[in-house]
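So you can see what is in the structure, the chains are spelled out below.
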Amino acid sequence: MAPPADLDVRTADDATRFTITLEGDLDLATVAKLRDAIAEACTSKRPEVTLDLTGLAFLDSSGIHAILELHAAATDEGRQLTVIPGPGRVQRALEVAGLSGLLPLAPARRPATR
């Protein structure tokens, strides 16, 4: 039996941007943590919201739905949302769901070279 999924959600709030950083698995068992962070972002009233998916290992349909909720809330409130892309399998889940053209993705980060 696989261990239960876990998700670490970190938030940062500065003068202009509210950032939500995810690490782990975003699924039905953990999506409430993201929804709590979305509620916190909505009360912050910052003009920019960033969702960082770089640490996400897994994304299911409940996580995709929560990301759409964040997108809708930001749009309704006139805020700029930026999504920092996650690893290949996370981005593939967003593409399969038809969201790659909807979500405002930041340019992909390139690994450092020596």
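In this report, we go over the structure that sits alongside the text. Please read these numbers as outputs of a predicted model, since none were measured by experiment. (Residues numbered from 1 in each chain as written. Predicted model: local features only at pLDDT ≥ 70, side-chain atom pairs only at ≥ 80, totals over all residues. Heavy atoms only, no water.)

**Considerations on the pattern of salt bridges**
Thinking step 1. Overall, the coordinates contain 8 salt bridges when judged by the stated rule.
Thinking step 2. Here R10 ties to E23 by a salt bridge, and the two come within 3.6 Å at their closest N and O atoms. Residue R10 is located in strand β1 (residues 7-13), and its partner E23 is located in strand β2 (residues 17-26); the two are separated by 13 residues in the primary sequence.
Thinking step 3. Exposure remark for R10: the relative accessible area of 39% places this residue in the partly exposed category.
Thinking step 4. Using a relative accessible area of 42% as the deciding quantity, one classes E23 as partly exposed.
Thinking step 5. Close ionic contact of E69 with R35 constitutes a salt bridge, the shortest N to O distance being 2.9 Å. Of this pair, E69 sits in helix α2 (residues 61-76) while R35 is found in helix α1 (residues 31-44), placing the two residues 34 residues apart along the sequence.
Thinking step 6. Look at E69 and you get partly exposed, because its relative accessible area is 28%. (Salt bridge = Lys/Arg side-chain N within 4 Å of Asp/Glu carboxyl O. Helix = DSSP H or I, 4+ residues; strand = E, 2+ residues; numbered from the N terminus. Buried < 20%, exposed > 50% of the residue type's maximum accessible area, 1.4 Å probe, protein only.)

**A word on the environment of V90**
Thinking step 1. Among the structural elements, V90 can be located in helix α3 (residues 88-96).
Thinking step 2. By relative accessible area, V90 is classed as buried at 1%.
Thinking step 3. V90 has contacts with L53, L56, A57, F58 and L59, leaving out every residue within four places of it along the chain. (Contact = heavy atoms within 4.5 Å.)

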